[in-house]
Amino acid sequence: MKINGEVTTGLGKAAYFLSQEFYTNEFKKNCGFIPYPGTLNVIVSEEYLDEINEIKNNCENLIKPDEGFGAVKYIDAKLNEVIDGAIVFPAKTTHEENYLEFIAEHKLRDELNLEDGDIITLEF
């Protein structure tokens, strides 16, 4: 699936969670990289929600962290056809359903000079 989305500012909570050792170890083991402590938040059109929810609901890639933290489902994805990473679906989230969170090894806003409102492509 290939979709376009709009970059937006998140809540700033992912940095804390993605710096936890059990998350970083699991992403390194399962995705091949230690994620930058933060996500690239992307708003997608509601026309994609049924397909995205089906992918999320059928996703078997799951990180079950230590007590007190939420589980995270993830799928491998590519940003703008050049950046390998993953879309994460945290069990505990306050984002609307049409928000996707993309993780990668580097700070994507700096690496790709991204700003709120920029349109990107996700492939998964």
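Remember, it's a predicted structure, so these values are computed and weren't measured experimentally. (Residues numbered from 1 in each chain as written. Predicted model: local features only at pLDDT ≥ 70, side-chain atom pairs only at ≥ 80, totals over all residues. Heavy atoms only, no water.)

Student: Help me understand the pairing of strand S5 (residues 83-90), please; the structure alone is not making it clear to me.
Tutor: Residues in a regular strand point their side chains to alternate faces of the sheet. Most of S5 sits out of view: six of its eight residues are buried. Direction of pairing for strand S4 (residues 72-79) relative to S5: antiparallel, over a ladder of eight bridges. Paired with Ile75 across the two strands is Ile87, which belongs to S5. If you look at the hairpin formed by S4 and S5, you'll find three residues sitting between the two strands, and Asn80 has a positive phi there, around 50 degrees. Judged from the three bridges that link them, S5 and strand S6 (residues 99-103) form a sheet pairing that is antiparallel. Looking across to S6, one finds that Ala86 is bridged to Ile103. (Buried < 20%, exposed > 50% of the residue type's maximum accessible area, 1.4 Å probe, protein only. Helix = DSSP H or I, 4+ residues; strand = E, 2+ residues; numbered from the N terminus. Pairing = 2+ DSSP bridges.)

Student: Hey, could you run me through the packing of aromatic side chains in this one?
Tutor: Working definition: an aromatic ring pair is given by the centre-to-centre distance plus the angle between the planes. Inspection of every chain in the model, using the stated rule, returns seven aromatic pairs. Ring centres of Tyr16 and Phe17 lie 5.3 Å apart, and the angle between their planes is 75 degrees; on these two criteria the pair is classed as edge-to-face. Plain terms: the ring middles of Phe27 and Tyr74 are 5.6 Å apart, the flat faces sit at 70 degrees to each other, and that makes the pair edge-to-face. Taken together, the residues Phe27 in helix H2 (residues 21-31) and Tyr74 in strand S4 connect sequence positions 47 residues apart. Each member of the pair, Phe27 together with Tyr74, is buried. Among the aromatic residues, those joined into a cluster by ring pairs are Tyr16, Phe17, Phe22, Tyr23 and Phe69. (Phe/Tyr/Trp six-rings, centres within 6.5 Å; stacked < 30°, edge-to-face > 60°.)

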